[in-house]
Amino acid sequence: MSQEQQPSGVDLARVALRAEKEVARVNGGRGQQPKPRTARPARRDGRDPLGLGDVLGTLVAEQAERERRCSPRERR
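Residues numbered from 1 in each chain as written. Predicted model: local features only at pLDDT ≥ 70, side-chain atom pairs only at ≥ 80, totals over all residues. Heavy atoms only, no water.

Visitor: Even after reading the chapter, I still don't get the overall build of the protein, so can you show me in this structure?
Guide: Counting its regular elements, the protein contains 2 helices and 0 strands. By residue count, 0% of the 76 residues in the protein fall in the buried class. Of the roughly 8,200 Å² that the protein leaves accessible, carbon and sulfur atoms contribute 53%. (Helix = DSSP H or I, 4+ residues; strand = E, 2+ residues; numbered from the N terminus. Buried < 20%, exposed > 50% of the residue type's maximum accessible area, 1.4 Å probe, protein only. Areas by Shrake-Rupley, 256 points an atom, 1.4 Å probe, with all protein chains shown as cover.)

Laid out in structure tokens, this is it:
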């Protein structure tokens, strides 16, 4: 019984990869080039992303300025 075993699992994947590499080598080996990433334009309408620390710092500074300008009666 000299039956040849068919590759399976990892061996089958290696055989398929080897075959695809050979086809690519014969055909020039160049597939589609990936599209270059385009930079997102900066939003100038006040919606730029901010870190949490920056937001909290701004809120604290605004509250301190409001407290400084208001009379004690207006703070209630």
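Visitor: What should I look at first to understand a nonpolar patch on the surface in this one?
Guide: Where nonpolar side chains cluster on the molecular surface, the patch consists of L50, L52, V55, L56 and L59 and spans about 490 Å² of accessible area. If you trace the backbone, L52 turns up in helix 2 (residues 52–69). (Patch = residues over 30% accessible without salt bridge, like charges linked within 9 Å, V, L, I, M, F, W, Y side chains within 5 Å. Salt bridge = Lys/Arg side-chain N within 4 Å of Asp/Glu carboxyl O.)

Visitor: Would you explain the pattern of salt bridges in this entry?
Guide: Pairs can form between side chains of opposite charge whenever their charged atoms are close. Per the stated rule, a full pass over the model turns up 4 salt bridges. Notably, a salt bridge pairs R14 with D11, separated by 3.7 Å at the nearest N-O pair. Here R14 and its partner D11 are both found in helix 1 (residues 10–26), 3 residues apart, which amounts to about one turn of the helix. Here D11 falls in the partly exposed class, since its relative accessible area comes to 45%. The partner of R68 in a salt bridge is E65, with the nearest N and O atoms 2.5 Å apart. Placement of the pair is R68 and E65 together in helix 2, with a separation of 3 residues, close to one helical turn.

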